[in-house]
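Here are the chains, one letter per residue:
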Amino acid sequence: LHDLVNIKNNVLNRTGEVLTKEFVNLINTDVVKLIIDFSHEGLVRESWFFPLHRMIKKSNIKSSNVYFISCDTKLSENYDIWSDKFNLPKINIIELNRYLEEAKLWIEDIDKFPIEDFKVDRIREKKFTCLNGAFKVNRIKIVSELFRNGLDNDGYISLIGNYGADIPTKSDLQPELDNDTIKYFMDIIYPKIPIVVDLEKDIELIEPYLGNSYIHEMYTNSYFNILTETSYNYENSIIGNNIFPTEKTYRAIFGMQPFIVVTNPGFLKFLKSMGFETFPEFFDESYDEIEHPIERMNTIVNEIKKICSLSLEELHDRYYNIFDKLEHNRNRLIEIVDDREINYGNYLDVFE
């Protein structure tokens, strides 16, 4: 222990040199593991893995003792493809699904949000809910399309800019977005930011769509959810093809809404593997199989426009025709929220 403390202090005190010979020796003799801890996020980028492997090669590190931890539930599969492509020695990938735990507080307060509130036979005021916190290109695209197609009064729409982020500039949005969308965003949407849902204006929320925030009335007063998840791989890179479910997805499930998800392909397939139902009765879900990011985005936008062309009465009927699925999903969420294997995979076993 004394030697380990000395090595730690030596590492911290030597500017620009993290991996000393002593530290590398500890890794290579199986005394310690080198952990790259990204366990609170799942937006993993391919560009990180090139320098990581250069470091492993340069320092002659035993790759089998290197662990990369994240909430990208497809990273192991994608990393295997990527490392085989470049014939690199593999490190260990550990996948978490820890954002499932964000539903715990809603479930603990479930008496405040009873299922009976969703069974009230009345026409709801809004067609959809589309909540957007941090600025992401896919969110800017969807919000711009909702406004451009005159759908801004049909749903609860927000675009906040969590974490105090600067509003994206034109150059930030290129080349992912076409010039017409960028111009519309800069001319029409930019001056409106932050776009806040009226229901929230009297509620003190610093970061309204983070963690366990949940406003019940949004979900009992609209029919479906446009989920703009954190990851959208415009580069179409191998490792960037994340599947990263966050509290946004689980909030829509708890709020008993069918959903269309603006994210990478395979997301719906992953949700099904967790035991959730999806909603081909509302959307053509073939978008989940489209690999090209622009084509998938265009298909998603068209599906949103199509479902929004229905009247509130038509949406009301569709909603209650699939109510058993919504009830199943909510019950499934309650069932698995504390499931160690689903939340943490083999994480706890590896580091026990």
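Relevant structure appears above.
Source: prediction; values computed, not measured.

Draft legend 1. Up close: helix 8 (residues 179-189). What helix 8 keeps buried is the set Thr181, Ile182, Tyr184, Phe185 and Ile189. Seen end-on, helix 8 carries its buried residues on one side only, within an arc spanning 165°. Summarising the geometry of helix 8, the exposed residues directed more than 90 degrees from the buried face are Asn179, Asp180 and Lys183. Packing partners of the buried residues in helix 8 comprise helix 6 (137-148) and helix 7 (170-173).

Draft legend 2. Expanded view of the side chain of Lys141. By the secondary structure assignment, Lys141 is in helix 6. A residue is classified by how much of its surface remains accessible, and Lys141, at 8% relative accessible area, is buried. Residue contacts for Lys141: discarding those within four places in its chain leaves Arg148, Leu177, Asp178, Thr181, Tyr234, Met297 and Val301.

Draft legend 3. Spotlight on the sheet that holds strand 3 (residues 92-95). Strand order in this open sheet of three strands is 1-2-3, and the pairing throughout is parallel. The open sheet terminates on both sides in strands that have one partner only, identified here as strand 1 (34-38) and strand 3. Each neighbouring strand pair of the sheet contributes to a mean axis angle of 15°, computed without reference to strand direction. Of the strand pairs in this sheet, strand 1 and strand 2 (residues 66-70) are connected by five bridges, and their pairing is parallel. Among the inter-strand pairings, Leu34 is bridged to a residue of strand 2, identified as Val66. Against the sheet, helix 4 (residues 75-85) engages strand 2 and strand 3, with an angle of about 155° to strand 3.

Draft legend 4. Focus on the sheet that holds strand 7 (residues 259-262). On the basis of which strands lie adjacent, the open sheet formed by four strands has the order 5-4-6-7 and parallel pairing. Bordering the open sheet on either side are strand 5 (155-157) and strand 7, each of which pairs with just one other strand. Each adjacent strand pair in this sheet contributes to an overall mean axis angle of 10°, direction not counted. Each of strand 6 (224-228) and strand 7 is contacted by helix 10 (residues 247-254), which is oriented at about 175° to strand 6, the strand it contacts most.

Draft legend 5. Region of the structure containing the environment of Ile110. For Ile110, the position within the fold is in the loop between helix 5 (104-108) and strand 4 (128-130). The sequence separation of Ile110 and Phe254 amounts to 144 residues, and the corresponding C-alpha distance is 9.6 Å.

Draft legend 6. Representation of the nonpolar core. Among the nonpolar cores identified, the biggest contains 75 residues, and Ile142, Phe224 and Ile226 are the most heavily contacted of them. Ignoring any residue separated from it by four or fewer positions in sequence, one finds Ile226 in contact with Phe128, Thr129, Cys130, Ile142, Leu146, Ile260, Val262 and Ile304. Counting residues in hydrophobic clusters, the runner-up holds 18 residues, among them Leu19, Ile27, Ile56 and Tyr79.

Draft legend 7. Layout of the environment of Leu173. Within the secondary structure layout, Leu173 lies in helix 7. Accessibility expressed as a relative area gives 1% for Leu173, which makes it buried. Spatially, the C-alpha atoms of Leu173 and Ile140 are 9.0 Å apart, while their sequence positions differ by 33 residues.

Draft legend 8. Spotlight on the packing of helix 6 against helix 12 (residues 293-308). At a minimum axis distance of 11 Å, the contact between helix 6 and helix 12 shows a crossing angle of 35°. Crossing handedness for the pair helix 6 and helix 12: right-handed. Side by side, helix 6 and helix 12 meet where Asn138, Lys141, Ile142, Glu145 and Leu146 of the first sit next to Met297, Ile300, Val301 and Ile304 of the second.

Draft legend 9. Layout of helix 13 (residues 312-321). Residues of helix 13 that are buried include every one of Leu315, His316 and Tyr319, and no others. End-on view of helix 13: buried residues confined to an arc of 105°, all on one side of the axis. In this structure, the buried side of helix 13 is in contact with strand 6, helix 12 and helix 14 (323-336).

Draft legend 10. Highlighting the pairing of strand 2. For strand 2, the tally of buried residues reaches five of five residues, placing the bulk of the element in the interior. Covered by surrounding structure in strand 2 are Val66, Phe68 and Ser70 together with Tyr67 and Ile69, the residues of both alternating faces. As paired strands, strand 2 and strand 3 are joined by four bridges and run parallel to one another. Its bridge partner lying in strand 3, Ile69 is registered against Ile94.

Draft legend 11. How the structure looks around the packing of aromatic side chains. By the definition in use, this model includes 29 aromatic pairs. Between Phe224 and Phe283 the ring centres are 5.8 Å apart and the planes differ by 70°, which places this aromatic pair in the edge-to-face class. Separated by 59 residues along the polypeptide, Phe224 in strand 6 and Phe283 in the loop between helix 11 (267-273) and helix 12 bring together distant segments of the chain. An aromatic cluster is present here, built from Phe38, Trp48, Phe49, Phe50, Phe68, Tyr79, Trp82 and Phe86 joined pairwise through their rings. Above the face of the Tyr319 ring, Arg124 is positioned so that its terminal group lies 4.3 Å from the ring centre. Arg148 extends its terminal NZ or CZ atom over the ring of Tyr184, reaching a point 5.5 Å from the ring centre.

Cut-offs and rules
- Residues numbered from 1 in each chain as written.
- Predicted model: local features only at pLDDT ≥ 70, side-chain atom pairs only at ≥ 80, totals over all residues.
- Heavy atoms only, no water.
- Buried < 20%, exposed > 50% of the residue type's maximum accessible area, 1.4 Å probe, protein only.
- Helix = DSSP H or I, 4+ residues; strand = E, 2+ residues; numbered from the N terminus.
- Arc of directions from axis to C-beta.
- Contact = heavy atoms within 4.5 Å.
- Pairing = 2+ DSSP bridges.
- Axes fitted to C-alpha atoms, helices over the stretch in contact; angles between N-to-C directions.
- Core = buried A, V, L, I, M, F, W, Y, C linked by side-chain atoms within 4.5 Å.
- Left-handed = near helix turned anticlockwise from the far one by under 90°.
- Phe/Tyr/Trp six-rings, centres within 6.5 Å; stacked < 30°, edge-to-face > 60°.
- Lys NZ or Arg CZ within 6 Å of the ring centre and 35° of its normal.

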